[in-house]
Amino acid sequence: MKKQLFNQGWTVKPADASSLTALFGGPVTPPKPVTLPHDYLVEIPRDPNEPNGPGNGFFHEIDMEYKTTLNLDESAAGKRIWLEFEAVYQNSFVYVNGAFAGKCAYGYSNFYLDITDYVKIGQPNTVKVIVKDGVPSGRWYTGGGIYRDVNLMIADPLHIAPDGVFVKTENVDDGMAEIAVCTEVSNNNGTMKQFVLTARITDADGNAVAEGSMPVTIRGNVTNTYKLRLFVKNPALWDVENPNLYHYEVSVAADEAVLDSETGTFGIRKMQLDPVNGLRINGKTVKLRGGCIHHDNGVIGTREFTLTAEERVKTLKSAGFNAIRSSHYPMSRKLLAACDKYGMYVMDEYADVWTSTKVAYDYGMHMAEWWEHDIANLVRKDKNHPCVIMYSIGNEIPEVGNSIDSGWGKKIADRIRELDPTRYVTNSMNLLLAGMDMLAQMAAGAQNQPEAGEQTREINSMMSSMGD
């Protein structure tokens, strides 16, 4: 699949009724040229009366409109065309040539839109993104706008699905690694097609270390997954001390012509977890020395660049870290790549909330309708990164203390394991928060037990501190 950045030539302006201000004689804010990634929030004045106060750095979130023009030449005729937004904060609505093409509610999730039916070849195509940001929408600095990359993807009707290659280490020992290359292929033709699927693995020096192919027949208008099993002799294993990376290239060819391909990196490693040895990577017990990091990059706001991601990881590693947890959102592609490159274990977290909100307009408003979409894209993004050793399905979720709502945890964990059985799944729980609605009952019960006086004082102290 041909994939290229689509970051140039955008404009941005406030989206909240500029036409109405013009109608009533007010000023109209002209569009401002920007190059993505862009965080509009860090560019506006702070407001000491901001409702979210220091939680969002005294910045006030507003609705914004981003716009650009997409030009497609004749080489794109008959092809499938997608846009991938690596993240837009938040509640983004995408329009192509004035028609609604799709949306994403979660401000930290990447999402794909097939815009094939919306575009015209050889003519300028208008792409507009409306960002609708309620206040407050997060418990930290959220940023605002299209703050990560946008990618344009073009492929033949017979193609590898976006992020459709999963390179899994099935088994590994000192002399051999068994690698399963699982490829999701879509045939958007109305008729059956035959093709050859090929996978090739090279080491850091570009030397081929494994290769395989298979003939495939696929029916029309279906998507299937195909597995090639390859073997790498004497593999260089990945861990934080030795972040050895391999490259893969998977291609789909018909009539000796390559129709589509995907390339990327992955690492070969073995993970084990048990109550005796704890967590083992490549047979060695690992003690995680980590910290929680949010997605902003200081004075540049939430904009994500390769340099900032790499400097962040190198700084943390030089300070003695060997692990980081994304707090509390799916980690960016660039930060994952930096963790792969320099060696850093990652707990990639799904969300800060499930079905109840922690601030008025956070993801809790949308999670019940969007969780499957966002979990699927989280796993598609993560699955070839050796740095990711576990997923966290939530942060300090109060629903885990409710016998009915706790069922969400099973649904989310089961779906992750179905999509990626190679990693561990955890939940970052706060037991006090989980039992918040029972504290008064617990305190009352303790009052009736004289021997539990110290427990009563502790519970009352906790309740008093939360009231402050």
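Now for a description of the structure that goes with this document. (Residues numbered from 1 in each chain as written. Predicted model: local features only at pLDDT ≥ 70, side-chain atom pairs only at ≥ 80, totals over all residues. Heavy atoms only, no water.)

Focus: the overall build of the protein
Looking only at helices and strands, the protein features eight helices and 25 strands. Relative to the globule expectation of 23 Å for 468 residues, the C-alpha radius of gyration of the protein, 25 Å, shows essentially globular dimensions. C-alpha extents for the protein along the principal axes are approximately 85 × 75 × 45 Å. Burial statistics for the protein: of 468 residues in total, 50% are counted as buried. (Helix = DSSP H or I, 4+ residues; strand = E, 2+ residues; numbered from the N terminus. Rg over C-alpha atoms; globule rule 2.2 N^0.38 Å. Buried < 20%, exposed > 50% of the residue type's maximum accessible area, 1.4 Å probe, protein only.)

Some remarks on the sheet that holds strand β6 (residues 92–96)
Read from one edge to the other, the open sheet built from six strands follows the order β3-β2-β4-β9-β6-β7, with strand pairing classed as antiparallel. The two strands at the open ends of the sheet, each matched to only one other strand, are β3 (32–34) and β7 (99–104). Pairs of neighbouring strands in the sheet enclose a mean axial angle of 25 degrees, with direction left out of account. In this structure, β6 lies alongside strand β9 (residues 124–131), joined through five bridges in antiparallel fashion. (Pairing = 2+ DSSP bridges. Axes fitted to C-alpha atoms, helices over the stretch in contact; angles between N-to-C directions.)

So, the packing of aromatic side chains
Within the structure shown, the criterion is met by 16 aromatic pairs. Note on W238 and Y345: the rings are 5.9 Å apart at their centroids and 70 degrees apart in plane angle, and the pair reads as edge-to-face. Of this pair, W238 sits in the loop between β15 (222–233) and β16 (246–254) while Y345 sits in strand β23 (residues 345–349), and the two are 107 residues apart along the sequence. Grouping residues by exposure puts W238 and Y345 together as buried. Joined through ring pairs, the aromatic side chains of Y89, Y106, Y108, Y329, Y350 and Y363 make up one cluster. A cation sits over an aromatic face here: K168 above F166, 5.4 Å from the ring centre. Positioned over the ring face of W408 is K411, at 3.7 Å from the centre of the ring. (Phe/Tyr/Trp six-rings, centres within 6.5 Å; stacked < 30°, edge-to-face > 60°. Lys NZ or Arg CZ within 6 Å of the ring centre and 35° of its normal.)

A short note on the state of the cysteines
Counted according to the given criterion, the structure contains zero disulfides. Residue C182 stays outside any disulfide, its sulfur separated by 19 Å from that of C387, the closest cysteine. Looking at C182, the relative accessible area reads 10%, which means it is buried. (Disulfide = S-S within 2.5 Å.)

Section: the sheet that holds strand β1 (residues 2–5)
As summarised here, the arrangement of the four strands in space is β1-β10-β5-β8, forming an open sheet in which the pairing is antiparallel. In this open sheet, the two edge strands, each paired with only one partner strand, are β1 and β8 (111–114). Strand-to-strand, the axes of this sheet are offset by a mean angle of 20 degrees, without reference to chain direction. Bridge analysis of β1 against strand β10 (residues 150–155) gives four bridges, and the strand direction is antiparallel. Directly across from L5, in β10, lies its bridge partner N151.

Considering the side chain of D340
Mapped onto the secondary structure, D340 falls in helix α3 (residues 333–342). Despite its burial, D340 pairs with no opposite charge; the closest candidate is R423, at 7.1 Å N-O. When sequence neighbours within four positions are dropped, the list of residues in contact with D340 reads W238, P243, L245, H385, P386 and C387. (Lys, Arg positive; Asp, Glu negative; His and termini not counted. Salt bridge = Lys/Arg side-chain N within 4 Å of Asp/Glu carboxyl O. Contact = heavy atoms within 4.5 Å.)

Here we look at the nonpolar core
Of all hydrophobic cores here, the largest spans 52 residues; its most connected members are Y350 and I412. Of all elements in the fold, only β19 (278–281), α2 (306–318), β22 (323–326), α3, β23, α4 (367–382), β24 (388–395) and α5 (407–419) reach the threshold of two or more residues within this core. Formed by 33 residues, the second largest nonpolar core is a distinct cluster that contains F6, Y40, F59 and Y141. (Core = buried A, V, L, I, M, F, W, Y, C linked by side-chain atoms within 4.5 Å.)

Here's the deal with the packing of α2 against α3
Direction vectors running N to C along α2 and α3 enclose 45 degrees, while the axes themselves pass 8 Å from each other. As judged from the angle between their axes, α2 and α3 are oblique. Judged by the twist between their axes, the crossing of α2 over α3 is right-handed. Two secondary-structure elements touch here, α2 through T306, A309, E310, R312, V313, K314 and K317 and α3 through K334, L335, A338, C339, K341 and Y342. Residues belonging to the contact of α2 with α3 are distributed by class as follows: six nonpolar, one polar and six charged. (Parallel < 35°, antiparallel > 145°, perpendicular 65-115°, else oblique. Left-handed = near helix turned anticlockwise from the far one by under 90°. Nonpolar A, V, L, I, M, F, W, Y, C, P; charged D, E, K, R; others polar.)

Some words on the packing of α4 against α5
What describes two packed helices is the angle between their axes and the distance between those same axes. Where α4 contacts α5, the two axes come as close as 10 Å, and the packing angle between them is 25 degrees. One finds that α4 runs roughly parallel with respect to α5. Relative to α5, the crossing made by α4 is right-handed. Residues M367, A368, W371, I375, A376 and V379 of α4 form the contact with α5, whose own contacting residues are W408, K411, I412, R415, I416 and L419.

Description of the pattern of salt bridges
One pass over the structure, following the stated rule, counts 25 salt bridges. Two residues, D348 and K381, come together in a salt bridge whose shortest N-O distance is 3.4 Å. Taken together, the positions of D348 in strand β23 and K381 in helix α4 put the pair 33 residues apart, joining distant regions of the chain. D348 sits in the buried class, given a relative accessible area of 0%. With relative accessibility at 5%, the residue K381 sits in the buried group. Linked through salt bridges whose partners overlap, the residues forming this network are K3, E84, E86, D163 and R333.

That is the geometry; function is a separate question.
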